[in-house]
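Below are the chains, spelled out letter by letter.
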Amino acid sequence: MPKNKKPVPRKPACAAEPDTDALAQALADLALEVAEGEETDPELAAAREEALLVAIRKALRKKRDEVLYGAIELARFTDPEACRLLRGHIGEHSATLRLRRDDEPELEIDAFLIPLFVRSTGGLVAEETFVDDAAYEELAASFVAAELDSPKARVALVRHAYDLAEADHIGYSALQDLLREAAATMTSRKPVAAPLLEASIRGWTGERFAPDETAMELRFLFGFSLKRVDDPFYAVPKDEIDADVYFADRMRRYRAWTARVAPLVRRCLARDPDRLGIDFLYQDLFHGAKEQGVSELALLGTLSEINGLLSAKELAADRVRAVVAPLAAGDHIELRVNLYALDGGPPWGGVAKAVDLAADLGAEVDELCDALGSIGIDDVSTADAFDGQGHPEGAQPYQPG
């Protein structure tokens, strides 16, 4: 299926205040100019991008979250690439803060998350988390010990596993305030109160599980990394091949770290760590990691629904054909998966996965098709659409990239 083709729902009316609306529109327009100018005039695009970053930083300083979120929403209905660019810049700049004091070297503090999927029987118990002092201290020290951060960096790990609702409650400006508080704490020689951080731990509000029920829960480890801006450890090589090697080595160290600290994380999350299984997603700045966790959670939910359909029909995964196609669905897009008998006929079942308008539709299709293969569905196709009877239009066998 064409990867750039997607149905476009109608844009909703904007109910923001005039000043906020104008500022948000200007920010969205600037992001669109940057996105459109990258190929035609790179120099002009660079100047516009700098102007975009200045506007984002100004909104963050003034705590104008309504402008930032409003601009993202406007861009979502204007141009997916511009929205991704804008959301990425806002997320990055809200999760970093530069610090300069007198004649000391300039410092940067970053807020990061590590998404975790925790498997258990009965679910996590909040009162059991982070009661093992030794495990927590070793986990906090592991970021530098395993070379995820520079030997000269200082890393602080919050003693709490945040659920999605807690992470969602931390907006762009609130995260900047947390960075300032964390920096004051990490640079002080005396204990410093952290009321904002304490307030961010609001308590879990998700689903409760019966003692014998199988549970899969999304949690986030939240931390701060303080380092010198000029620390060569974080310098990405300008050469493309060298940069690829740099990031591949970073990924290798991260995977080695997850294997090393998985027992520590289990000890931090339960008195009986053997009853937990931990799956790590990749560490990223705060908002990027949160989006990663939400996306993976939605994908796992889709696969669970498909497995439920297969189980109800008493069919093995390799005895069905799956076709994936996009559908317009109001203010978002759905990727519909229809399931068919191998010998043809109408669909006997299917599920839909919601996709953000600003998402890379081609990447979303690839991810879903690869996931279908991971649960044993070998016959997977993509299509442009489904007709009224559920038959695919323009179907082609899926070819993994």
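Let me begin by describing the structure that accompanies this report. Note that the coordinates shown come from a computational prediction; the quantities given were computed from them, not determined experimentally.

### Observations regarding the nonpolar core
Inference 1: I114, L116, L139, W257, V265, L269 and F280 are the most contacted members of the largest nonpolar core, which totals 30 residues.
Inference 2: Secondary structure elements with two or more residues in this core: β2 (107-121), α5 (133-145), β3 (154-162), α9 (240-269) and β5 (277-280).
Inference 3: Ranked by residues supplied to this core, first place goes to α9 with eight residues.
Inference 4: Residues within four places of V265 in sequence aside, it is in contact with L116, L139, L221, I278 and F280.
Inference 5: Grouped together as the second largest cluster of nonpolar side chains are 28 residues, A167, I170, A194 and F224 included.

### Description of α5
Inference 1: Along its 13 residues, α5 runs 18 Å from first to last C-alpha, staying within 8% of the 18 Å computed at 1.5 Å per residue.
Inference 2: All of the buried residues along α5 are A135, Y136, L139, A140, S142 and F143.
Inference 3: Taking the backbone nitrogen of A134 as reference, a side-chain oxygen 3.2 Å away marks D132 as the first, capping residue of α5.

### What to know about the packing of aromatic side chains
Note on aromatic pairs: each is described by the distance of the centres and the angle between the planes.
Inference 1: Applying the stated criterion to the full structure yields twelve aromatic pairs.
Inference 2: Plain terms: the ring middles of Y246 and F247 are 5.2 Å apart, the flat faces sit at 90 degrees to each other, and that makes the pair edge-to-face.
Inference 3: The exposure class assigned to Y246 is partly exposed, which follows from its relative accessible area of 24%.
Inference 4: By way of ring pairs, the aromatic residues F112, F143, Y254, W257, F280 and Y282 are connected into one cluster.
Inference 5: One residue, R219, lies across the ring of W204, its end atom 4.1 Å from the ring centre.
Inference 6: One cation-aromatic arrangement involves K227 over Y234; the distance from NZ or CZ to the ring centre is 4.7 Å.

### Section: helix α7 (residues 172-187)
Inference 1: Its 16 residues place the ends of α7 23 Å apart at the C-alpha level, agreeing with the 22 Å of an ideal helix rising 1.5 Å per residue.
Inference 2: Every buried residue of α7 is listed here: Y172, S173, L175, Q176, L178, L179, E181, A182, A183 and M186.

### Digging into the side chain of D110
Inference 1: Examined against the element boundaries, D110 turns out to sit in strand β2.
Inference 2: Classification of D110 as buried rests on a relative accessible area of 10%.
Inference 3: At 2.6 Å, the side chain of D110 forms a polar contact with the side chain of K227.
Inference 4: In contact with D110, other than residues within four places in its own chain, are A95, T96, L179, G223, F224, S225, K227 and L285.

What counts, and at which threshold
- Residues numbered from 1 in each chain as written.
- Predicted model: local features only at pLDDT ≥ 70, side-chain atom pairs only at ≥ 80, totals over all residues.
- Heavy atoms only, no water.
- Core = buried A, V, L, I, M, F, W, Y, C linked by side-chain atoms within 4.5 Å.
- Buried < 20%, exposed > 50% of the residue type's maximum accessible area, 1.4 Å probe, protein only.
- Helix = DSSP H or I, 4+ residues; strand = E, 2+ residues; numbered from the N terminus.
- Contact = heavy atoms within 4.5 Å.
- Expected span 1.5 Å × (residues − 1).
- Polar contact = N/O pair within 3.5 Å; in protein donor to acceptor, adjacent residues only side chain to side chain.
- Phe/Tyr/Trp six-rings, centres within 6.5 Å; stacked < 30°, edge-to-face > 60°.
- Lys NZ or Arg CZ within 6 Å of the ring centre and 35° of its normal.

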